[in-house]
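# Tertiary structure, described
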Amino acid sequence: MVITKSRLVLGATAVTLSTIAVTGLGIHSRGQALFKASPKELIDEVWQIVHRQYVDGTFNQVDWQAVRKEYLSKSYTNQEEAYKSIREMLQKLEDPYTRFMNPEEFKSMQVDTSGELTGIGITISQDEKTKQLVVIAPIEDTPAFKAGILAKDLILEIDGKSTKGMDTNQAVSLIRGEPGKPVRLTIQRKGQKKQFNITRARIEIHPVKFSEKQTPAGNLGYIRLNQFSANAGKEMREAITKLEAKKVSGYVLDLRGNPGGLLFSSVDIARMWLDRGIIVSTIDRQGEQEREIARGRALTTKPLVVLVDKGSASASEILSGALQDNKRAVVVGTQTFGKGLVQSVRPLEDGSGLAVTIAKYHTPSGKDINKHGIDPDVVIDLTDAQKENLWLRERDKLATLEDPQFAKAVEILGKKAAQNPTTMNNN
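Residues numbered from 1 in each chain as written. Predicted model: local features only at pLDDT ≥ 70, side-chain atom pairs only at ≥ 80, totals over all residues. Heavy atoms only, no water.

Looking now at the nonpolar core. Formed by 63 residues in total, the largest nonpolar core has its most connected members in Ile-223, Met-236, Leu-253 and Trp-273. Counting residues in each nonpolar core, the second largest holds 17 residues, with Ile-122, Ala-144, Ile-187 and Phe-196 among its members. (Core = buried A, V, L, I, M, F, W, Y, C linked by side-chain atoms within 4.5 Å. Buried < 20%, exposed > 50% of the residue type's maximum accessible area, 1.4 Å probe, protein only.)

Moving on, we come to the pairing of strand β15 (residues 278-283). For β15, the buried fraction is high: 5 of the 6 residues fall into the buried class. Between the end of β15 and the start of strand β16 (residues 289-293), which pair antiparallel, lie 5 residues, with Gly-287 showing a positive phi angle near 80 degrees. Direction of pairing for β15 relative to strand β20 (residues 353-362): antiparallel, over a ladder of 3 bridges. The residue of β20 that forms the bridge with Ile-283 is Lys-360. (Helix = DSSP H or I, 4+ residues; strand = E, 2+ residues; numbered from the N terminus. Pairing = 2+ DSSP bridges.)

Turning our eyes to something else, we now look at the sheet that holds strand β13 (residues 218-225). Pairing is mixed in the open sheet, where 6 strands are placed in the order β12-β13-β14-β17-β18-β21. At either margin of the open sheet sits one strand with a lone partner, and together these are β12 (208-215) and β21 (378-379). Of the pairings in the sheet, the one linking β13 to strand β14 (residues 250-254) comprises 5 bridges and is parallel in character. For Gly-221, the partnering residue across the bridge sits in β14 and is Tyr-251.

Applying the stated criterion to the full structure yields 1 cavity of 30 Å³ or more. Along its surface, the largest cavity is lined by 19 residues, and Leu-150, Ala-151, Gly-257, Asp-309 and Trp-391 are the ones closest to its centre. Taken together, the elements giving at least two residues each to the lining of the largest cavity come down to β6 (133-138) and α10 (384-393). Per element, the largest residue contribution to the lining of the largest cavity is 3 residues, and it comes from α10. Of the residues belonging to the lining of the largest cavity, the class tally is 9 nonpolar, 4 polar and 6 charged. Looking at which domains feed residues into the lining of the largest cavity, each of domain 1 (118-204) and domain 2 (208-341 + 359-419) gives three or more. (1 Å grid on protein atoms, 1.4 Å probe; cavity = no way out; pocket = protein on both sides within 12 Å on 5 of 7 lines; lining within 4 Å. Points joined across faces, edges and corners; volume = space filled by probe spheres on them. Nonpolar A, V, L, I, M, F, W, Y, C, P; charged D, E, K, R; others polar. Domains from an automatic or database assignment.)

Contact geometry for helix α7 (residues 232-245) and helix α8 (residues 263-273): axes closest at 9 Å, N-to-C directions at 15 degrees. Taken together, the axis directions place α7 and α8 in an arrangement best described as roughly parallel. Considering the relative orientation of α7 and α8, their crossing is right-handed. Judged by residue contacts, Ala-232, Gly-233, Met-236, Arg-237 and Ile-240 of α7 engage Ser-265, Asp-268, Ile-269, Met-272 and Trp-273 from α8. Looking at the contact of α7 with α8 residue by residue, the class counts come to 6 nonpolar, 2 polar and 2 charged. (Axes fitted to C-alpha atoms, helices over the stretch in contact; angles between N-to-C directions. Parallel < 35°, antiparallel > 145°, perpendicular 65-115°, else oblique. Left-handed = near helix turned anticlockwise from the far one by under 90°. Contact = heavy atoms within 4.5 Å.)

The following block contains the structure:
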């Protein structure tokens, strides 16, 4: 099967806890399987895909041929036994982003294409070293977000059940559920345990919100991007076009808490801000590089500040890295999450699915940000108390001068206006 760019997702958005299992919009399902593969055929299909496409040709120092022999030598009486073996097989790679989804999980994953979710609205991963379940970011205005879940929270228990040794698939099955029903999460944050009782809900996601802001630096355009979904590019284009019509003098692009999404979406949006230059390089296991570049079609050249934090991951890091390396924007906030992996999501013959890490990405200057993240040009950190007040208790202060990171963005844009008033007033 040819892997199109619509199938490529970024590792940090491995599991969104709603009815979906992978944030992979634009993925096409076979619906009803053409035929029901036998258990061994399914196991071998998964093995073959990993064998051909996995980003690391050493399979993270695993003898992948021996793995095939081990699992195909077993006897299987049903698909569930095969599913269990596939998950065991993939765990040997020690890559939380290469994962199997049974037919129900794979089907529910695709609900994300409609922009409607059912669940609590957090994106999680498994720490590669500790194997603990960690929150990448809550999705804005969802039950988890409103309850106070934060990026980098560790999930210790789900409804009283320990998550020790639990993979993301198991966590998804325990956390997702019917709207209106509660789930209890025990979280560890900076060494302290906290409990959250969260009621599941139906969630409609609009990835872009925008407004004009009257500030000491002039009339600015503020754009908040929550997620790189299939319709994020369209909504971003509309936001920039409308703000340009209002003759704003500069922009603040807020990527705080944005866990990522689709690779093509991040590239599409980068081209709206960047007139020329490399956006991102993806590198497969053969070391072959594919570069995405700007095409001279930027919607605006006005000064830009990008806000990021530790919940800004994958596609957010591609976009902020591209704008930073090309000197198009000043990046303000804190170090980002640090996930530089690309996945392909594949339907399997029995209606199940497989997400495989097939490449890593570098920023235009060649930086590999995996496990490190993007370093802001200007570091403005917030205490946990400040974050909780700003994002939960006093939301009306977000993107105002009482928001320290936004205030720094305004200060930077004000200095740019003073240095080059012609550029700022160019409408």
